[in-house]
Each structure stands twice: as C-alpha cells, then as structure tokens.
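Architecture at a glance
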Amino acid sequence: MTDILEKVSSNRAFEGELIKYKFKSATLGGVNANFNLFLPPGASATNKVPLLTYLAGLTCTEDNGAQKGAFLGPAASQGIAILFPDTSPRGAGVEGEDADWDFGTGAGFYLNATNPKYSAHYNMYSHVTLELPQVIETAGLPIDLKRQSIFGHSMGGHGALTLYLSSSTKQYRSASAFSPISNPTKCPWGEKAFSGYLQGGVEEAKEKYDATELISTSKEPVHILIDYGTADNFYKQGQLLPENFLKAARDSGYDEFQVRVRSQEGYDHSYFFISSFATDHIHFHANFLKA
Ligand SMILES: N[C@@H](CCC(=O)N[C@@H](CS)C(=O)NCC(=O)O)C(=O)O
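First, a word on scope: everything that follows refers to the structure included in this document. Source: prediction; values computed, not measured. (Residues numbered from 1 in each chain as written. Predicted model: local features only at pLDDT ≥ 70, side-chain atom pairs only at ≥ 80, totals over all residues. Heavy atoms only, no water.)

**Remarks on the pairing of strand S2 (residues 16-24)**
Alignment of strand S1 (residues 6-13) against S2, held across seven bridges, turns out to be antiparallel. Opposite arginine 12, over in S2, you have glutamate 17 as the bridge partner. In textbook terms, the turn of a hairpin is the stretch between consecutive antiparallel strands, and for S1 and S2 this stretch comprises two residues, one of which, phenylalanine 14, has a positive phi near 50°. Note: S2 against strand S3 (residues 32-39), eight bridges, orientation antiparallel. The residue bridging tyrosine 21 from the neighbouring strand is phenylalanine 35, located in S3. (Pairing = 2+ DSSP bridges. Helix = DSSP H or I, 4+ residues; strand = E, 2+ residues; numbered from the N terminus.)

**Let's talk about unusual backbone geometry**
Leaving glycine out, the prevailing phi sign among residues is negative, and the prevailing peptide bond configuration is trans. Even without being a glycine, threonine 59 presents a positive backbone phi close to 75°. Along the chain, threonine 59 falls in the loop between strand S4 (49-55) and helix H1 (63-68). A positive phi angle, close to 40°, is found at serine 179, a residue other than glycine.

**So, the sheet that holds S4**
Taken together, nine strands build an open sheet; the order of strands is S1-S2-S3-S5-S4-S6-S7-S8-S9 and the sheet is mixed. Strands at the two margins of the open sheet, each flanked by one partner only, are S1 and strand S9 (259-264). In this sheet, neighbouring strand axes are inclined to one another by 20° on average, regardless of whether the strands run parallel or antiparallel. Relative to the sheet, helix H9 (residues 242-251) contacts strand S8 (224-229) and S9, its axis offset from that of S9 by approximately 150°. (Axes fitted to C-alpha atoms, helices over the stretch in contact; angles between N-to-C directions. Contact = heavy atoms within 4.5 Å.)

**Some details on the state of the cysteines**
One pass over the full model with this rule turns up zero disulfides. Cysteine 187 supplies the cysteine sulfur nearest to cysteine 60, a cysteine that is in no disulfide, at a spacing of 17 Å. (Disulfide = S-S within 2.5 Å.)

**Quick look at the packing of aromatic side chains**
Tallied over the entire structure, the rule returns 25 aromatic pairs. Look at phenylalanine 178 and phenylalanine 273: their rings are 6.2 Å apart centre to centre, the planes differ by 90°, and that puts the pair in the edge-to-face class. With phenylalanine 178 in strand S7 (residues 175-178) and phenylalanine 273 in helix H10 (residues 271-276), the pair connects residues that are 95 residues apart, well separated along the chain. The two residues phenylalanine 178 and phenylalanine 273 agree in class, both being buried. Ring pairs connect the aromatic residues Tyr54, Phe71, Phe84, Phe151, Phe178, Tyr267, Phe273 and Phe277, which therefore count as one cluster. Taking NZ or CZ as reference, lysine 208 lies 4.6 Å from the ring centre of tyrosine 125, over its face. (Phe/Tyr/Trp six-rings, centres within 6.5 Å; stacked < 30°, edge-to-face > 60°. Buried < 20%, exposed > 50% of the residue type's maximum accessible area, 1.4 Å probe, protein only. Lys NZ or Arg CZ within 6 Å of the ring centre and 35° of its normal.)

Encoded structure:
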C-alpha cells in the first residue's frame, strides 16, 4: 500500500471493515477529500471484490449512507465492497459556496463545472468516475474495478443514473436509485445547480446530466431499478419527477426487466425509506456484479 491515502478511522462491521480515508484530490482543485470504503469479509489481494458506489443526497457527506443506509450487512453477505464518496468539495474557498443547502458545499450534483467560478473545484463527475477508482487501485486496495455498479439517493440518485447512462466506457454494470432527481432540467433543484455550475446552464445539462434526456436517446441494454415513496414531500413538490423518467424509458422501448420504477406507498424521503429497501438494491446489483 502506498501512502497516497491517509486512514482516518476503521470500524469492524458484519465481519468486514468500514474504513474512512482522506487524500488530496487533484480533480477537486487540491482540497482534502474523504471517502468511506466498506470491505466485506474475505476481501484480499487474491480475492478482489466487486465495487458498488453509493452517491448521497443534498447536505450529506460520505457518512450518511455508511451509517444509516443499512447496506453493510447485505453487502457483507454478498461479498461486495461499497464506496461512499462525499457530495462536493469542502473548503474550496469559492465565494458564496456555503450560503445555500442546495448549491455549493454538500451539493456538487455529480457534474464537472464549466462556469469558471466553479470549474477548478466542482468536478464530482471526474472525482467519482475516474479519481476514486484510480486512488483505490494505486493504494492496492482489494477491489476488482472491472466489476462496478452504482446507486444513490435523491441528488445521488440523479448522479447514479447519469453516471451510468453517460459512461461511454460502460464503467457500471447496473444502476439503482432511491427517490432520484430524475429529470433535473425540469425541477427547481436542477435548474439552480445547472445555472450556477454550467456556463451553458440548463441547455448544457440536457446532453450529459439529465437522466430522462439520456434514457430517451439510449439504445444500449440497461439494468435500472428505482424506488420512490408516495409520502416524499420533495416528490410531491415536483423535484423528483420519476414518472418522466419512466415514460421516457418506455418510449425508448425499455421494458420492466430493464427499467423498473416502483412507487412505495407511504414512504418519505428519509433514510428510514432507504434502509427499508437497502437489501433489495444490494441484491439487484449482486445479480450483475457476480455474474
Ligand atoms: N434542507 C433539509 C433537507 C435536506 C435533505 O432532506 N437531504 C436529504 C438528501 S436530499 C438527506 O439525505 N439528508 C440527510 C439525512 O437524512 O441523513 C436539510 O438540510 O436537512
């Protein structure tokens, strides 16, 4: 193991290990970045395990999913590692970045900023898809990067779907999401984020950062599972728009075996909802990661 990573903490969980690391992130403009990595029991240099990346939502850090998602038990049973990145750069020093809870710090939206004000630091797309796998490999961690899938919640659900659908290298075998922001160019959160981070604003986002737009032109086979709750206030306010994604997927010819969108009666936006369906999502990805 090289010293590219500093180990911040380590906790035994489900016979595996949850480890928090810190490193100096080039893609985030040189600030320190944290991530959590759960290694299931038995992961070793001679038994490299597949990687499932979990992207968290607005206001979250690398800890929310690791602590409250209830993913570690089923991941341990399935022999799958989980990577929990942060949701934005921290301490970039960009004026106004801490003013709002839904923009700036804690709200990186998993894109690469093109507005010069943000483009040196706000590059969570490259951080998640390129830099973290590279760092994991360089550090010699027991991960098989040829087997990757991705999931997430809310803004992280948007991230999971868009990173999956936009990857020209087919980096991820499957994607799933809890209450994802499914059509961000048509909701207030997305409009605000894209107008701020992207020079071309919402129009620029349509090509790369809107899951509904991406599925409407996709021709490849896909494996996507989405759950959302009917008592989710953000859903009721029109921030999530999962029906738009489902309609675009069906219009593109994807059936329910390729794109499954489930409405869960009475559930809200919280980690109580996420943890209720955590095992389902881990098992969904295990089908593809262990194939
Ligand atoms: N503005 C509210 C809402 C933010 C919110 O609900 N964030 C969701 C993601 S969109 C979340 O996961 N919050 C953290 C948690 O529940 O652990 C807040 O700051 O708490």
